[in-house]
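Chain by chain, the residues:
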Amino acid sequence: MSHLTSLLFILIAYLIGSFPSGLIIGKAFYKTDIREHGSGNLGGSNAMRVLGKKGGLVVYFLDILKGGIAVLVAIHFQSEIHPLMVTIFSPVGHVYPIFAGFKGGKAVATSAGVIMFYAPLLFLMLLVVFFASLALFKMISLSSVFSAIALFVFSWWNPFSNPNLMGIVPKVIFTLVAILILIKHIPNYKRLIAGTEPKIGKNKKST
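This write-up is about the structure you can find in this document.

So, how was this worked out
- Residues numbered from 1 in each chain as written.
- Predicted model: local features only at pLDDT ≥ 70, side-chain atom pairs only at ≥ 80, totals over all residues.
- Heavy atoms only, no water.
- Axes fitted to C-alpha atoms, helices over the stretch in contact; angles between N-to-C directions.
- Helix = DSSP H or I, 4+ residues; strand = E, 2+ residues; numbered from the N terminus.
- Parallel < 35°, antiparallel > 145°, perpendicular 65-115°, else oblique.
- Left-handed = near helix turned anticlockwise from the far one by under 90°.
- Contact = heavy atoms within 4.5 Å.
- Nonpolar A, V, L, I, M, F, W, Y, C, P; charged D, E, K, R; others polar.
- Buried < 20%, exposed > 50% of the residue type's maximum accessible area, 1.4 Å probe, protein only.

### Looking at the packing of helix H4 (residues 53-77) against helix H7 (residues 108-118)
Turning to step 1, where the next piece is worked out: It is the contact of H4 with H7, at a shortest axis distance of 7 Å, that shows an interaxial angle of 45°. It follows from the interaxial angle that H4 and H7 lie oblique. Crossing of H4 over H7 shows right-handed handedness. Facing H4, whose interface residues are Tyr60, Asp63, Ile64, Lys66, Gly67, Gly68, Val71 and Leu72, H7 presents Ala109, Thr110, Gly113, Val114, Met116, Phe117 and Tyr118.
Turning to step 2, where the next piece is worked out: Residue composition of the contact of H4 with H7, grouped by class: 9 nonpolar, 4 polar and 2 charged.

What follows is the structure, encoded as structure tokens:
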């Protein structure tokens, strides 16, 4: 029964992550399928590019909330396995959503929600890295990549002895999350090398 319970909550986390925020907000309020514009990505960055600042921020908020809700569900309603072993399936659902043809976002915002609700201090550290990079390079994609690398480093180094990062499970899970984000940004690396990756404020195609 315990294994069935764990599988149930893993499925719940995946389904929460699969909620296509960008698709729903775009169609419901802007009569726009953001998959047909910009990068075709369902994440907050493309939503902001296609729908504008207000719509994009709403999508970002909802995507972050997906990760947060998955953490709360895992912590409060199941105790068979480590909550992060459940909630990692929320970012997976965001990247491969069953409700949107398994083509979603890049796991950044939903992973941020997981981290914010599970390890707030780590989230704040990553937020500093993200906005510092954004201020320097003006690229959301590059800031996301640097944040993913910082997630890996801080998970294993744990400079402030964050109790939520103690043990092997958080280290491994956050390493997997970082790898997922880095892999999903492969198209951005190609544009960075080619010098065609757009900066914030520029209305160009990106992800």
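### Side note on the environment of Gly40
Turning to step 1, where the next piece is worked out: Looking at the secondary structure, you find Gly40 in the loop between helix H2 (21-30) and helix H3 (44-51).
Turning to step 2, where the next piece is worked out: Look at Gly40 and you get partly exposed, because its relative accessible area is 26%.
Turning to step 3, where the next piece is worked out: Between the C-alpha atoms of Gly40 and Lys103, which are 63 residues apart in sequence, the distance is 9.2 Å.
Turning to step 4, where the next piece is worked out: What Gly40 contacts, discounting residues up to four positions off in sequence, is Ile34, Arg35 and Asn46.

### Things to note about unusual backbone geometry
Across the chain, the bulk of peptide bonds are trans and the bulk of non-glycine residues have phi less than zero.
Turning to step 1, where the next piece is worked out: Even without being a glycine, Phe102 presents a positive backbone phi close to 60°.
Turning to step 2, where the next piece is worked out: Looking at where Phe102 falls in the secondary structure, it is placed in the loop between helix H6 (89-95) and H7.
Turning to step 3, where the next piece is worked out: Take Phe102: its relative accessible area is 47%, and that puts it in the partly exposed class.

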